[in-house]
Structure formats: structure tokens, C-alpha cells
Amino acid sequence: SADSGSIAALLASDRLPLAIEVDAAGGRLGFKGHMRPDTTAPNLSGDLKVSVPRLGTLAPWTDVRHDAKANLSLTSAVRLDDGMLTLVDLRATLGQSDISGRLRFNGSGDKLISTMQLHSRNLDLTELASLDSAPEPPVAKYKSVRNSAIDLTKIKLPRIDFDLRA
């Protein structure tokens, strides 16, 4: 939707206003910002807000338990430009857990490169683990690796640069 101005002024501008609001599946997604129409790749910037009062309402589309009562709230400034998606001033809560910081996903090359700088005052791992809809495997299938060698060369992970502080 266009916030203001004539059609002629909007078409002559190098930035078009963009506002999106979606209320569906028990949640709300909103984006308000601008997009540049003169580029071949998507180019936009603005503010993102996501609110899901009861996470279980997303169960049909995610691996979250249908009875999960935790709420999800997320706000961030977003920029998509030249194959790079950046979220800054990210603030999210999921139940009793919170996280803030910055995310960057660079897909302009051959491989997706993710850079994350995240901070948390509280991570309730018990609550987060309880959201998963997958049945828990029997405890007997787990084996302690405390005294075992782990061959990290066999693990295939994407390139991730992260800083974890406790």
C-alpha cells in the first residue's frame, strides 16, 4: 500500500513506500518500509514485526507442538539488497526466552553465508525443548561422548561465523 503522494510522484521516485500486514493462523506479520523499483533483484528496507500469542497455532506449518502455549514476539529493522538479507536491532522473545542482536544472510555467492551476533538475558532450554513436536527418542539410544573421540571431519555444516558468550 502507498502511504501518501500521487501516483505520478510515486512512479517518479527511486523508493516506493511498502506496507504489508498479514493476520493469519493466530499470528500477525507486519512490514513497513520502502522498496526500490529500479533494481533487477529485490531491494527493500524497513521495520518488521511478528506476533504469535500462542505458538501452537503454527503447528500445521512447523514442527511446533499443537498445544504449545508460548508466545512469540519479534521486531527488527530489515534490509534486503544484492542477495544479502540483514536484520539489525533484532529483539525477539519466545516464551520466557529472549534474544537480541543482528543477523546477516549473504546468498550472493555460490554458498549461503550466515553471520550472527546474538545476545540473550534468559534462555529457558527446558521450555524451548518442550515446543518440539517430534517424539523424544528413548534415553537408551543416547551414549555419553565424554570419554570418546569425535571425528569432526565427518560432520557437514554450513560455514557459520558466530560468537557465543555466557
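For the structure, see preceding data.
Just so it is clear, the model here is predicted, and its values are computed rather than measured.

(A) Main features of the overall build of the chain. When helices and strands are counted, the chain shows 2 helices and 8 strands. Each helix (α) and strand (β) of the chain, taken in turn from the N terminus, gives the series α-β-β-β-β-β-β-β-α-β. In the chain, which comprises 166 residues, the share counted as buried stands at 21%. The contacts in the chain between residues at least 6 apart in sequence include a share of 32% that link residues at least 24 apart. Carbon and sulfur atoms make up 57% of the accessible area of the chain, which amounts to about 12600 Å² in all.

(B) Molecular detail of unusual backbone geometry. Here Asp-82, not a glycine, exhibits a phi torsion of approximately 50°, which is positive. Here Asp-82 lies in the loop between strand E4 (72-81) and strand E5 (84-94). For Asp-82, a relative accessible area of 59% gives the class exposed. In this structure, Asp-89 is a non-glycine residue whose phi angle is positive, near 55°. Relative to the helices and strands, Asp-89 resides in strand E5.

(C) Representation of the pairing of strand E2 (residues 27-35) in the model. Sheet topology note: the strand E1 (residues 16-24)/E2 ladder contains 9 bridges and is antiparallel. Within E2, the position partnered with Ala-19 by the bridge is Lys-32. Where E1 folds back onto E2 in an antiparallel hairpin, the turn is made up of 2 residues, including Ala-25, whose phi is positive at roughly 50°. Bridge count for E2 against strand E3 (residues 44-52) is 8 bridges, and the pairing is antiparallel. Of the residues in E3, the one forming a bridge with Lys-32 is Asp-47.

(D) Up close: the layout of surface pockets. Size it by volume and the second largest pocket reaches roughly 220 Å³. Those elements that place two or more of their residues in the lining of the second largest pocket are E1, E2 and E3. A total of 5 residues in the lining of the second largest pocket trace back to one element, the largest contributor, which is E2. For the lining of the second largest pocket, the class distribution of residues is 5 nonpolar, 2 polar and 5 charged.

Calculation rules
- Residues numbered from 1 in each chain as written.
- Predicted model: local features only at pLDDT ≥ 70, side-chain atom pairs only at ≥ 80, totals over all residues.
- Heavy atoms only, no water.
- Helix = DSSP H or I, 4+ residues; strand = E, 2+ residues; numbered from the N terminus.
- Buried < 20%, exposed > 50% of the residue type's maximum accessible area, 1.4 Å probe, protein only.
- Contact = heavy atoms within 4.5 Å.
- Areas by Shrake-Rupley, 256 points an atom, 1.4 Å probe, with all protein chains shown as cover.
- Pairing = 2+ DSSP bridges.
- 1 Å grid on protein atoms, 1.4 Å probe; cavity = no way out; pocket = protein on both sides within 12 Å on 5 of 7 lines; lining within 4 Å.
- Points joined across faces, edges and corners; volume = space filled by probe spheres on them.
- Nonpolar A, V, L, I, M, F, W, Y, C, P; charged D, E, K, R; others polar.

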